[in-house]
Amino acid sequence: MTSYQVGMVDEDIKYSMNLDLTVRILLTLLSALTLILGTVGNFLVWFGSIFRAAIRMEPCSRVLITNLALSDIVISLVVFLPLSVTLAAGRWVWGEGLCQVQAVAGEIAVCLEIFIMIISYLPCYVTLI
């Protein structure tokens, strides 16, 4: 059951979270850490696979690893950035339209990442058979 406070409108209640403050702080820190490490780490992988000639890789593997790193960066920004802000604020702050866009973009990014992983492991599977 939702408890109404003075000054709250239906939209505030619709997007509010009922989490303990300690849990919200811990989840915010965890999601922010995941956002930072995921973005920076995958940027380093992307940078290394594109600009470092010392890394000996086949061109196909290089393209797949680069695409996987870019997909991880997109997932970090599309999923963990709004999650961190939502947890910190205690509610969704960007409105209904961006909620729908974020949901669709997150699903597309996850599906593309799964597809890239399948494509990258397909040669290994064919070699084993």
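Located above this text is the structure these notes cover.
All figures in this text were calculated on a predicted structure; none of them were measured in a lab.

What to know about the overall build of the protein chain
Here is step 1 of the chain: Helix and strand content of the protein chain: four helices and zero strands.
Here is step 2 of the chain: In the protein chain, the order of α-helices and β-strands from amino to carboxyl end is α-α-α-α.
Here is step 3 of the chain: For the protein chain, the proportion of its 129 residues judged to be buried stands at 22%.
Here is step 4 of the chain: Partitioning the intrachain contacts of the protein chain with sequence separation of at least 6 by distance along the chain shows that 69% fall at a separation of at least 24.
Here is step 5 of the chain: Counting every atom, the protein chain has about 9200 Å² of accessible surface; 72% of that belongs to carbon and sulfur.

Some thoughts on the packing of helix H3 (residues 59–89) against helix H4 (residues 95–128)
Here is step 1 of the chain: The contact between H3 and H4 brings their axes to 9 Å, and the two run at 155°. Relative to H4, the element H3 lies roughly antiparallel. Helix-helix and strand crossings are classified by hand; for H3 and H4 the assignment is left-handed. Of the residues in H4, those in contact with Leu 64, Asn 67, Leu 68, Ser 71, Asp 72, Val 74, Ile 75, Val 78, Val 79 and Pro 82 of H3 are Gln 102, Ala 105, Gly 106, Ala 109, Val 110, Leu 112, Glu 113, Ile 116, Met 117, Ile 119 and Ser 120.

Details of the side chain of Ser 76
Here is step 1 of the chain: Here Ser 76 is to be found in helix H3.
Here is step 2 of the chain: Of the residues examined, Ser 76 reaches a relative accessible area of 6% and is grouped as buried.
Here is step 3 of the chain: Filtering out sequence-adjacent residues up to four positions away, Ser 76 remains in contact with Leu 35, Gly 38, Thr 39 and Leu 81.

How each quantity is defined
Residues numbered from 1 in each chain as written. Predicted model: local features only at pLDDT ≥ 70, side-chain atom pairs only at ≥ 80, totals over all residues. Heavy atoms only, no water. Helix = DSSP H or I, 4+ residues; strand = E, 2+ residues; numbered from the N terminus. Buried < 20%, exposed > 50% of the residue type's maximum accessible area, 1.4 Å probe, protein only. Contact = heavy atoms within 4.5 Å. Areas by Shrake-Rupley, 256 points an atom, 1.4 Å probe, with all protein chains shown as cover. Axes fitted to C-alpha atoms, helices over the stretch in contact; angles between N-to-C directions. Parallel < 35°, antiparallel > 145°, perpendicular 65-115°, else oblique. Left-handed = near helix turned anticlockwise from the far one by under 90°.

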